[in-house]
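# Inside the fold
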Amino acid sequence: MSKVLVTGGAGFIGSNLVDQLVQDGDEVIVVDDLSMGLASNIPSSPKVTFYEHSITDHGFMKDLLLKEQFDYIYLLAAIASVADSVARPYETHQINQEANIFILEIIRQHKLPIKKVLFTSSAAVYGNNPELPKREDSTIDPLTPYAIDKFATERFVIDYGKLYNIPTVAVRFFNVYGPRQNPKSPYSGVLSLITECLKNQRVFTLFGDGEQTRDFIFIQDVLLALHLIMSNSQAVHEVYNVATGKQSSLLNIITDYQKVTDQSLSVEYLPARDGDIIHSCADITKLKGLGFNSKYTLFLGLSDYWVSASRN
Ligand code: UD2
């Protein structure tokens, strides 16, 4: 049994991770300010302790790290919306970068015996670089405060690791989808928005011609990738793309989702969003080197997602 800290553990990816860790028998501490996540996402289990707190509260985070002496730390807490980071660059920077560096600094100053710290970054770091598929060493072109903070924090995490001998690692998520993804904002993941439209017979607004492609990965495959990265002692001071390596157009996805749900989605077309990337796909050779093989085709992932969405 390990003692694990998950910042952002009430959010979409975080809460699914907490479920998995609890199933694996770990003791989990969640820190989340519920700015995006929901307390109800966190499993009620004697193995889970939840602190409704911002990771920017230095005093609180320091006390927690010194008291709990975690084995593993997953840094997931973030303002996940690119649009928010453009509207509030300094505030989002405090969360997406500064708070994470403070955690590293406490580990360094107090020589905490951490087994591994994992930071979650994003495909946003590649920006508009047209090179496909995106390899971890492809050109970086962060275009927003969100992407800049994600990239800079990756570097801090890896360099703290190398300079001060802390086992650290970073991942770049591509388009993750699945149960508990919050559809409340227009910038929410497109599959959470389509799911809401299908559930409530609402019209889906498609920006562009629908030929834009993304590398969608189902949450359970993400959890598999995180497990492989966390548990492999060779996976340190590195960054890994977390994706499937498969590219799907929005139109193909809609066709698949209609088959899964046996419903037809009403679509209204609007011009493409400013700055929207046309194609995105990951090279996942590095992740495969750790034994990763995605288990969910898009069809399977959408089927699972729909079963769970129809229950709620
Ligand atoms: C993802 C991330 C974003 C950032 C970016 C980096 C999510 C939710 N967002 O943005 O944080 O890391 O990658 O490249 O993972 N769309 C519609 N109608 C809608 C909503 C979206 O047509 O109502 C389109 C949208 O214009 C885009 C595609 O669907 O072409 C995917 O949109 P998204 O917001 O789910 O994800 P993305 O890749 O733009």
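Refer to the preceding data block for the structure.
The shown structure was predicted, so the numbers you read here are calculated from the model rather than taken from an experiment. (Residues numbered from 1 in each chain as written. Predicted model: local features only at pLDDT ≥ 70, side-chain atom pairs only at ≥ 80, totals over all residues. Heavy atoms only, no water.)

## Brief notes about the environment of K62
Structurally, the position occupied by K62 is in helix α2 (residues 58-68). Accessibility expressed as a relative area gives 31% for K62, which makes it partly exposed. Considered as a pair, K62 and I107 are 45 residues apart in the sequence and their alpha carbons are 9.1 Å apart. (Helix = DSSP H or I, 4+ residues; strand = E, 2+ residues; numbered from the N terminus. Buried < 20%, exposed > 50% of the residue type's maximum accessible area, 1.4 Å probe, protein only.)

## Observations concerning the site of the ligand
Taken together, the neighbourhood of the ligand is formed by 21 residues, with V190, T205, F207, R214 and D276 sitting nearest. Between N175 and the ligand, the recorded distance is 3.0 Å, taken from a side-chain N or O atom to an oxygen atom. Contact with the protein chains covers 84% of the free accessible surface of the ligand, which is 730 Å². When residues in the shell around the ligand are grouped by element, the largest group, four residues, is from strand β8 (residues 204-207). Looking at the shell around the ligand residue by residue, the classes come out as 12 nonpolar, six polar and three charged. (Near = heavy atom within 4 Å. Polar contact = N/O pair within 3.5 Å; in protein donor to acceptor, adjacent residues only side chain to side chain. Areas by Shrake-Rupley, 256 points an atom, 1.4 Å probe, with all protein chains shown as cover. Nonpolar A, V, L, I, M, F, W, Y, C, P; charged D, E, K, R; others polar.)

## Let's talk about the pairing of strand β2 (residues 27-32)
Most of β2 sits out of view: five of its six residues are buried. Pairing geometry for strand β1 (residues 3-7) and β2, over five bridges, is parallel. Bridging from a neighbouring strand, L5 pairs with I29 of β2. Handedness of the crossover joining β1 and β2 through helix α1 (residues 12-23) is recorded here as right-handed. Pairing between β2 and strand β3 (residues 48-52): five bridges, direction parallel. (Pairing = 2+ DSSP bridges. Right-handed = clockwise from strand over helix to strand, strands pointing away.)

## Brief notes about the packing of α2 against helix α4 (residues 89-109)
Pairs of packed helices are described in terms of their axes, by the angle between the two and the distance that separates them. Closest axis-to-axis distance for the α2/α4 pair is 10 Å, and the angle between their directions is 35°. The two elements α2 and α4 meet at a crossing, and its hand is right-handed. Packed against α2, whose contacting residues are H58, M61, K62, L65 and L66, the element α4 presents E98, F102, I103 and I106 at the interface. The class makeup of the residues in the contact of α2 with α4 is six nonpolar, one polar and two charged. (Axes fitted to C-alpha atoms, helices over the stretch in contact; angles between N-to-C directions. Left-handed = near helix turned anticlockwise from the far one by under 90°. Contact = heavy atoms within 4.5 Å.)

## Structural notes on the packing of aromatic side chains
Within this structure, the stated rule accounts for nine aromatic pairs. Ring geometry for Y160 versus Y164: centroids 5.2 Å apart, planes at 65°, classification edge-to-face. Here Y164 and Y160 lie together in helix α5 (residues 145-164), a separation of four residues that amounts to about one turn. Accessibility expressed as a relative area gives 38% for Y164, which makes it partly exposed. On the numbers, 4.7 Å between centres and 45° between planes, the contact of F218 with Y296 is tilted. (Phe/Tyr/Trp six-rings, centres within 6.5 Å; stacked < 30°, edge-to-face > 60°.)

Treat this as a map of the structure, not an account of what it does.
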